[in-house]
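A structural walkthrough
Each chain, written out:
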Amino acid sequence: MALPIVHNPAYDALFDPDHRFPMGKYRRLAEVLVEDGLAAPGTFIVPAPAPRDWVKLAHDATYVDQVYACAVPRPIEREIGFEVTERTSLRAQCATTGTVLAARLALEHGIACNTAGGSHHARFAQGAGFCTFNDVAVAARLLLADGEISSALVVDLDVHQGDGTADILAGDGRVFTASVHADKNYPVRKKASDFDLGLPDGMDDTAYLKTLALVLEELRGRVPSPDIVFYNAGVDVHAEDRLGRLALTDHGIERRDRMVISHFRARGVPVCGVIGGGYSRDLDALARRHALLHHTASEFAFSARSGSSEAAQG
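This write-up is about the structure you can find in this document. Keep in mind the model is a prediction, meaning the values are calculated, not measured.

Topic: the sheet that holds strand E4 (residues 175-182)
An order of E1-E2-E7-E6-E3-E4-E5 is seen for the seven strands of this open sheet, with the pairing classed as parallel. Only two strands of the sheet have a single partner each, and these edge strands are strand E1 (5-6) and strand E5 (195-199). Of the pairings in the sheet, the one linking E4 to E5 comprises five bridges and is parallel in character. Looking at the pairing, Ala182 lines up with Leu199 of E5. With respect to the sheet, helix H6 (residues 135-145) is in contact with strand E3 (152-156), E4, strand E6 (229-232) and strand E7 (271-274), its orientation differing from that of E6 by roughly 175 degrees. Sheet contacts for helix H9 (residues 250-266): strand E2 (111-114), E3, E6 and E7; angle to E6, the most-contacted strand, approximately 180 degrees.

In structure tokens:
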């Protein structure tokens with residue numbers, strides 16, 4: 001079967017091209033997936049805005065209401081990195097539902113991907129670092145609350161530490177959080193995940209992949225049978241990324257994605273892929289790096305559980 005891919009045009013909040021956050025990558029990623037034959041315009045699963053009650057499972061209710069009302073205090077907007085407007089609020093709501101749907105589709109089919117998500121700097125009480133809502137934390141908490149899973153593993157390979165995810169899920173024994181990131185990069189003050197590994201600046205493909213192989217075996221021992229894995233496949237590990245400090249190539253990123261996905265699919269663990277960070281000015285090159293996740297995931301797409309996609313989305 002084809003890889004289930006979740007996408008909403010609202011993911012692109014139409015920032016000025018000179019903005020530090022390359023918002024246009026979401027639109028271009030969807031175009032690349034169509035051009036490459038992984039999707040057609042009518043085959044994307046389109047998420048609706050997330051209900052507030054979903055988001056409040058992982059975030060402070062006052063902050064959630066502020067985002068929905070587009071009334072976020074300026075100090076918090078400065079930490080997020082952009083103003084919370086109708087467009088950016090809608091984008092955050094839809095991207096959150098996108099990860100929920102991708103997780104449910106992964107439970108049904110074995111693997112599914114969002115074309116956004118991985119907003120791992122959003123903490124319990126506020127957003128930060130270009131992240132408004134923590135979609136992975138919301139999805140994990142919702143699936144747990146609904147009884148769809150009893151445990152989850154977050155494997156975060158974005159170049160930045162998943163501090164918001166660690167903050168929200170600290171002390172929740174049902175979700176194990178793992179972050180492998182550039183040690184000297186943002187955020188300056190890290191939050192303790194269940195497993196953290198800070199990497200030295202300039203690590204290349206060979207050293208990175210050897211390290212990742214060891215990390216996956218460590219996680220196998222510590223979390224032997226999670227009900228689902230949320231995989232943050234940030235491409236800001238690339239040598240040319242403006243906000244990264246590592247030195248992976250496109251080929252190295254593709255091998256990383258294959259290593260992670262094959263590791264968990266061989267164990268029968270469903271994988272929900274989210275794209276995480278990537279900050280190149282070259283939107284086409286950036287979108288194609290993000291598309292490596294979807295290309296690799298498509299090789300592992302097959303029906304792993306009975307039930308309809310409608311049931312997964314309900």
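Still to come is the rest of the account.
Things to note about the environment of Gly98
Summarising the element assignment, Gly98 is placed in helix H5 (residues 86-109). Sequence-wise, Gly98 and Gly234 are 136 residues apart; in three dimensions their C-alpha atoms are separated by 17 Å. Not counting residues up to four positions away in its chain, the partners in contact with Gly98 are Val6, Tyr11, Pro47 and Asn114.

What about the nonpolar core?
Counting 106 residues, the largest nonpolar core has Tyr208, Ile228, Phe230, Tyr231, Leu246 and Phe264 as its most contacted members. If you tally residues by element for this core, the top one is H5, at 10 residues. In contact with Tyr208, other than residues within four places in its own chain, are Leu157, Leu199, Met203, Leu246, Leu248 and Arg256.

What about the packing of aromatic side chains?
Each aromatic ring pair is characterised by the separation of its centres together with the angle its planes make. Taken as a whole and judged by the stated rule, the model has nine aromatic pairs. Measuring from centroid to centroid gives 6.4 Å for Tyr11 and Tyr26, while their planes differ by 75 degrees, and the two rings are edge-to-face. Taken together, the residues Tyr11 in the loop between E1 and helix H1 (25-35) and Tyr26 in helix H1 connect sequence positions 15 residues apart. When its relative accessible area of 4% is taken as the criterion, Tyr26 is described as buried. A ring pair is formed by Phe21 and Phe82, whose centres lie 6.5 Å apart and whose planes are at 55 degrees; its orientation type is tilted.

Topic: the packing of H9 against helix H10 (residues 283-298)
Running from N to C, H9 and H10 cross one another at 35 degrees; their axes reach a closest spacing of 9 Å. The hand of the H9/H10 crossing is right-handed. Residues Asp250, Ile253, Glu254, Asp257, Arg258 and Ile261 of H9 form the contact with H10, whose own contacting residues are Arg289, Leu292, Leu293, Thr296 and Ala297. Split into classes, the residues belonging to the contact of H9 with H10 amount to five nonpolar, one polar and five charged.

Comments concerning H1
Looking at H1, one finds that the buried residues are Lys25, Tyr26, Arg28, Leu29, Ala30, Val32 and Leu33. As for H1, its buried residues are in contact with E1, H5 and H10. A positive backbone phi angle near 85 degrees is found at Gly37, which sits one or two residues after H1.

Section: the state of the cysteines
Here the structure, examined in full by the defined rule, presents zero disulfides. Here Cys70 stays free of any disulfide, with the sulfur of Cys94 as its closest cysteine sulfur at 13 Å. Between Cys131, a free cysteine, and Cys272, which holds the nearest cysteine sulfur, the sulfur-to-sulfur gap is 16 Å.

So, empty space enclosed by the protein
Summed over the entire model, instances satisfying the criterion amount to three cavities of 30 Å³ or more. Estimates place the volume of the largest cavity at around 130 Å³. What lines the largest cavity is a set of 17 residues, and nearest its centre among them are Gly118, Cys131, Gly276, Gly277 and Tyr279. For the lining of the largest cavity, the per-class residue count stands at five nonpolar, nine polar and three charged. Those elements giving two or more residues to the lining of the second largest cavity turn out to be H6 and E3. Class assignment of the residues belonging to the lining of the second largest cavity gives a composition of two nonpolar, six polar and two charged.

Conventions used here
Residues numbered from 1 in each chain as written. Predicted model: local features only at pLDDT ≥ 70, side-chain atom pairs only at ≥ 80, totals over all residues. Heavy atoms only, no water. Pairing = 2+ DSSP bridges. Helix = DSSP H or I, 4+ residues; strand = E, 2+ residues; numbered from the N terminus. Contact = heavy atoms within 4.5 Å. Axes fitted to C-alpha atoms, helices over the stretch in contact; angles between N-to-C directions. Core = buried A, V, L, I, M, F, W, Y, C linked by side-chain atoms within 4.5 Å. Buried < 20%, exposed > 50% of the residue type's maximum accessible area, 1.4 Å probe, protein only. Phe/Tyr/Trp six-rings, centres within 6.5 Å; stacked < 30°, edge-to-face > 60°. Left-handed = near helix turned anticlockwise from the far one by under 90°. Nonpolar A, V, L, I, M, F, W, Y, C, P; charged D, E, K, R; others polar. Disulfide = S-S within 2.5 Å. 1 Å grid on protein atoms, 1.4 Å probe; cavity = no way out; pocket = protein on both sides within 12 Å on 5 of 7 lines; lining within 4 Å. Points joined across faces, edges and corners; volume = space filled by probe spheres on them.

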